[in-house]
Amino acid sequence: MRTLWLSLLLSTTLAVAASQSLAGETRASQILDRFEHANQWRDHVMVAAHRAGSMQAGKTLFAENSLAAVEGSIAMGAEIVEVDVRRSKDGEFVIMHDSWLDRTTSCKGEVVKYTLAELKKCRLVVEGTGTVTDEPVSTLREMLAETKDRILINLDNKLEVTDLPGMIAIARDLGMADQVIVKENLWNRQRIDAAKVALAKAGGGFQFMPILADDAVHDAAFADEVGRAFPLRAVELINWRNGAETLTETGGALFSTRMRAEAVRGDWHLWADTYAIVNKPGGFLAGGRGDELAVAASLPREAWGFWADRGATIIQTDEPRAAIEWLTANGFRVPYTTDVKQTEPAHTASIN
């Protein structure tokens, strides 16, 4: 009887401990687990919101790279937000895609000619509508703090590879370096070596993702070389599309059988980009199979489905809501234990 009682007590204790452990898990920690263990989650396609996720159904709802856009992406269930990093005149890291302020803020001129104090007087603008919000330009620290324990954040470095250690230092100071994904374009040994030097100065504990584009990288052998140089969790692959080119039927040289095999051997994700590039053909980074095809032409199977079928387990898109809804409905998403009915953020547009 005593043995049975002890057995029951032990079972109850373990159950309570497991429950407490699960309750203590943040959404970001669950996403990070899937990011770091690709082979365990080949049946789940993560969604990365491009420039923090400013669009829905072809319409811009938020200012790009804004905290409001981040809140929207978190609310809809995206796993990653991608933002762009530049420096102010006085050397502060700020979140801005263009080198000029004209398109996305109420100010004009080059970012690097404004001090942080001056940038804080600029208000973000919703592109297309021209609506001026009450949100100022964010610092990298502010953007990181907004995402801590909630979502992974992909930093698109618009500076030099030598600036990466400074970005990681801020994330480490906030206790969230492991949530940060930094990336660099790699196409030869010299680029690999330059990235290795910079990343060594940054220390460990963060995620590094190489970007391989098929205009310069023509087969999976280079990915194997990159994998020997860095501990990989994901590789961003680009299938360029020329203006008159028809939709890719294969995904190009990089979305090959061998690349998928390399990904499985290395336990890393294939990351596909379907977001649009201004003044470029539709699906410019995705062999024509981009967000335009999925949303404007109402053919999501030929865009997001195509890349998922070819092994992509992360898709970066301007349409995170539509992508999540379609991927979920078609069996490409596995629920998280923290999943609840998603709602719109309380303030979807901070408009004056």
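The structure under discussion appears in the preceding block.
Residues numbered from 1 in each chain as written. Predicted model: local features only at pLDDT ≥ 70, side-chain atom pairs only at ≥ 80, totals over all residues. Heavy atoms only, no water.

### Things to note about the pairing of strand S1 (residues 46–49)
Here is the rule: Note on classification: 1.4 Å probe, protein chains only; a residue is buried when its accessible area is under 20% of the maximum for its type, exposed when over 50%, partly exposed between these limits. The helix and strand labels rest on DSSP assignments: H or I over at least four residues marks a helix, E over at least two residues marks a strand, and numbering proceeds from the N terminus. The pairing criterion is simple: DSSP has to find at least two bridges between the two strands.
Along S1, one buried face is formed by Met46 and Ala48 and the opposite face, lined by Val47 and Ala49, is buried too. Bridging between S1 and strand S13 (residues 312–317) involves four bridges; their strand directions are parallel. Bridge pairing in S13 links Met46 to Ile314. By the bridge criterion, two bridges tie S1 to strand S4 (residues 80–87) in an arrangement that is parallel. From the neighbouring strand, Ala49 faces S4, where its bridge partner is Val81.

### Describing the environment of Arg141
Rule in force here: We call two residues in contact when some of their heavy atoms are within 4.5 Å.
As for its placement among the helices and strands, Arg141 is situated in helix H5 (residues 140–147). Classification of Arg141 by relative accessible area gives partly exposed; the value is 36%. Sequence separation of Arg141 and Ile95 is 46 residues, and the distance between their C-alpha atoms is 9.5 Å. The residues contacting Arg141, other than those within four sequence positions of it, are Ile170, Asp173 and Leu174.

### Brief notes about the packing of helix H3 (residues 67–76) against H5
Short version of the rule: Between the N-to-C directions of two axes lies an angle of 0 to 180 degrees, each axis being a line fitted to C-alpha atoms and, for a helix, fitted only over the stretch in contact. Orientation is classified from the angle alone, with under 35 degrees giving roughly parallel, over 145 giving roughly antiparallel, 65 to 115 giving roughly perpendicular, and any other angle giving oblique. Crossings are classed by handedness, with left-handed meaning an anticlockwise turn of the near helix from the far one by less than a right angle and right-handed meaning a clockwise turn. Gly is placed with the polar residues, together with every amino acid not listed as nonpolar (Ala, Val, Leu, Ile, Met, Phe, Trp, Tyr, Cys and Pro) or charged (Asp, Glu, Lys and Arg).
In the contact formed by H3 and H5, the axes pass within 10 Å of each other and the chain directions differ by 20°. In terms of orientation, H3 and H5 fall into the roughly parallel class. Every pair of crossing elements has a handedness; the one defined by H3 and H5 is right-handed. Taken together, the residues of H5 that come into contact with H3 (itself represented by Leu67, Val70 and Glu71) are Glu142, Met143, Glu146 and Thr147. Across the contact of H3 with H5, the residue classes break down as three nonpolar, one polar and three charged.

### Let's talk about the state of the cysteines
Under the convention used in this document: What counts as a disulfide here is a pair of cysteine sulfur atoms lying within 2.5 Å.
Counted under the stated rule, the structure contains one disulfide. Each disulfide pairs two cysteine sulfurs, and for Cys107 the partner residue is Cys122, the sulfurs being separated by 2.1 Å. Linking Cys107 and Cys122, the disulfide has an S-S dihedral of approximately -105° and is accordingly described as left-handed. Of this pair, Cys107 sits in the loop between strand S5 (93–95) and helix H4 (116–119) while Cys122 sits in the loop between H4 and strand S6 (123–126); the two residues are 15 residues apart in sequence, bridging distant segments of the chain. Residues Cys107 and Cys122 agree in their burial class; the two are buried.

### Quick look at the packing of aromatic side chains
Spelled out, the test is: In summary, the pairing rule links any two rings of Phe, Tyr or Trp, Trp by its six-membered ring, whose centres are within 6.5 Å, and it sorts them by plane angle into stacked for under 30 degrees, edge-to-face for over 60 and tilted for everything else. Any Lys NZ or Arg CZ that is within 6 Å of a ring centre and within 35 degrees of that ring's normal is treated as a charge sitting over the ring.
Counted under the stated rule, the structure contains five aromatic pairs. Between Arg34 and the ring centre of Tyr336, over which it is positioned, the NZ or CZ distance is 3.7 Å. Directly above the aromatic system of Phe306 lies the positively charged group of Arg310, at a separation of 3.7 Å from the ring centroid.

### Focus: the environment of Ala296
Mapped onto the secondary structure, Ala296 falls in helix H10 (residues 291–296). For Ala296, a relative accessible area of 69% corresponds to the exposed category. C-alpha separation for the pair Ala296 and Gly58, spaced 238 residues apart in sequence, amounts to 7.2 Å.

### Section: the pairing of strand S9 (residues 180–185)
We count it as follows: Note on handedness: a crossover is taken as right-handed if, strands pointing away from the viewer, the path from the first strand over the helix to the second is clockwise.
For S9, a buried count of five out of six residues is recorded, marking the element as mostly surrounded by other parts of the structure. Bridging between strand S8 (residues 152–157) and S9 involves three bridges; their strand directions are parallel. If you follow Ile153 over to S9, its bridge partner there is Val180. In this view, the connection linking S8 to its parallel neighbour S9 by way of helix H6 (residues 164–173) has right-handed handedness. Judged from the five bridges that link them, S9 and strand S10 (residues 207–213) form a sheet pairing that is parallel. Note on S10: the bridge partner recorded for Val182 is Phe208. In the classification by handedness, the crossover that spans S9, the intervening helix H7 (residues 189–202) and the parallel S10 is right-handed.

### Structural notes on the pattern of salt bridges
Under the convention used in this document: One side-chain nitrogen of Lys or Arg within 4 Å of one carboxyl oxygen of Asp or Glu is enough to make a salt bridge.
A complete count under the given rule lists 22 salt bridges for this structure. Put simply, Glu262 and Arg258 hold a salt bridge, and the shortest N to O gap is 3.6 Å. Taken together, the residues Glu262 and Arg258, both in helix H9 (residues 257–266) and four residues apart, mark about one turn of the helix. Take Glu262: its relative accessible area is 8%, and that puts it in the buried class. In this structure, Arg321 engages Glu325 in a salt bridge whose closest nitrogen and oxygen atoms are separated by 3.8 Å. Of this pair, Arg321 and Glu325 both sit in helix H12 (residues 320–329), four residues apart, roughly one helical turn. Here Arg321 falls in the partly exposed class, since its relative accessible area comes to 23%. On the basis of relative accessible area, Glu325 is assigned to the partly exposed category, the value being 48%. Because the salt bridges share partners, they merge into one network encompassing Arg51, Glu64, Asp98, Arg103 and Glu127.

### Concerning H9
As a reminder of what qualifies: Along the arc lie the directions from the helix axis toward the C-beta atoms.
Among all positions in H9, only Met259, Glu262 and Ala263 are buried. Take H9 and look down its axis: the buried residues cluster within an arc of 100°, on one side only. Turned more than 90 degrees off the buried face of H9, the exposed positions are Thr257 and Arg265. Along its buried surface, H9 packs onto helix H8 (221–229), strand S11 (234–238) and strand S12 (269–273). Positive phi shows up at Asp267, right after H9, with a value of about 60°.

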